[in-house]
Amino acid sequence: MNLIDMHCDTIYEMLSGETPKDLRKNNLKVDLEKLRKAGSAAQFFACFICMDEFLGKSRYEQAYEYVRVMASCLKKQIWMYPEEIAFAGNGRDLERNQREGKISAFLTLEEGGVIHDDSARIEELWQMGIRLITLTWNYENCMGYPNSKDPATMGKGLKPFGIFTVERMNELGMIVDVSHLSEGGFWDVIRYSSKPPVASHSNARAIKEHPRNLSDGQIRALSEKGGIAGLNFYQHFLGNTDECRIEEMVAHVKHMFQKGGEDFVAIGTDFDGFHGAARMEIENIGEIDVLKEALLKNGFTERQVEKIWYRNAKRVIDEVM
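Residues numbered from 1 in each chain as written. Predicted model: local features only at pLDDT ≥ 70, side-chain atom pairs only at ≥ 80, totals over all residues. Heavy atoms only, no water.

1. Description of the nonpolar core
And then number 1: Formed by 108 residues in total, the largest nonpolar core has its most connected members in Phe-45, Leu-125, Leu-135, Leu-291 and Trp-309.
And then number 2: Ignoring anything within four residues of it in the chain, the contact list for Leu-125 reads Tyr-64, Val-67, Leu-109, Ile-115, Ile-130, Ile-133 and Met-174. (Core = buried A, V, L, I, M, F, W, Y, C linked by side-chain atoms within 4.5 Å. Buried < 20%, exposed > 50% of the residue type's maximum accessible area, 1.4 Å probe, protein only. Contact = heavy atoms within 4.5 Å.)

Right, dumping it as structure tokens:
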């Protein structure tokens, strides 16, 4: 059984510190050895940007350049280990890499604000290899507004440039990601996107009340649009403790499965994008089979788990890219 994980922040963490870390083996949650152990077919690697880290009048140019730095970092790692990992820009690339025994690396952007109302950058990002854009992170940007505990902010929709970006991404073959987006923005994506959007790393709000998680109405709408949601392992999106518990992951999968159907649930660990868990029952991507076993013990069939692990994400990749 193969695995597609739709979100990790490993590139960002590899570049933090004085010396860049190596993708083959490191002390992070994701590396090639751990991906092999997980039986991974593909890993989506996010170029994560926090605009607060960039200052001055040129902050957007600095942020955009750092996206290039992160993309180059991944490409260098692929060049270093060509027998183990290869770039993928669509489903055909993924299938070829699988035949050759290689893990596929998909590049994504987390924080569409770096585009900064420059429409040319959307195609530049596509040419750079970016195949998914998370429209917002935790701040208002040129696309729209983030999820928020403030109802006024949560209700705001996409800005005109956000609508344009969604439609241009559809044309280019880039996945529109609604994780981190306001509810108003979410509903605009449902309205304006001609291709299935995704919530690459979001859970069920009915299980854990948090604005980053999806309401039942959002789950149904995203499913009806052909989209998917990737189960997020972050403790504060799972339950009410500081622990990442498998039983809570299973509860979210069950609920999203019930409300969205068996074609809706996928994996989006958010590994290397969160810290501070008192205990993690799945410490890294290499231990993810424990979740598979828990799902099988809780009534999911092998076929259903295969959809969660691989087929649902592969379908969206094929439909969009």
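Anyway, onward from the coordinates.
2. Notes on the packing of helix 11 (residues 246-260) against helix 12 (residues 289-297)
And then number 1: Relative orientation of the contacting elements helix 11 and helix 12 amounts to 60°, with a least axis distance of 10 Å. The orientation of helix 11 with respect to helix 12, classified from their angle, is oblique. As helix 11 packs across helix 12, the resulting crossing turns out to be right-handed. Listed contacts from helix 12 to Ile-246, Met-249, Val-250 and Val-253 of helix 11 are Val-290, Leu-291, Ala-294 and Leu-295.
And then number 2: Partitioned by chemical class, the residues of the contact of helix 11 with helix 12 number 8 nonpolar, no polar and no charged. (Axes fitted to C-alpha atoms, helices over the stretch in contact; angles between N-to-C directions. Helix = DSSP H or I, 4+ residues; strand = E, 2+ residues; numbered from the N terminus. Parallel < 35°, antiparallel > 145°, perpendicular 65-115°, else oblique. Left-handed = near helix turned anticlockwise from the far one by under 90°. Nonpolar A, V, L, I, M, F, W, Y, C, P; charged D, E, K, R; others polar.)

3. Details of the pattern of salt bridges
And then number 1: For the structure on display, the rule yields 23 salt bridges.
And then number 2: In this structure, Arg-279 and Glu-281 form a salt bridge, with 3.2 Å as the shortest nitrogen-oxygen distance.
And then number 3: Note that Lys-314 is salt-bridged to Asp-318, the shortest N-O span being 2.8 Å. With Lys-314 and Asp-318 both in helix 13 (residues 302-320), this residue pair falls 4 residues apart, about one helical turn.
And then number 4: Ionic contacts of the salt-bridge type, sharing partners, join the residues Glu-243, Arg-245, Arg-279 and Glu-281 into one network. (Salt bridge = Lys/Arg side-chain N within 4 Å of Asp/Glu carboxyl O.)

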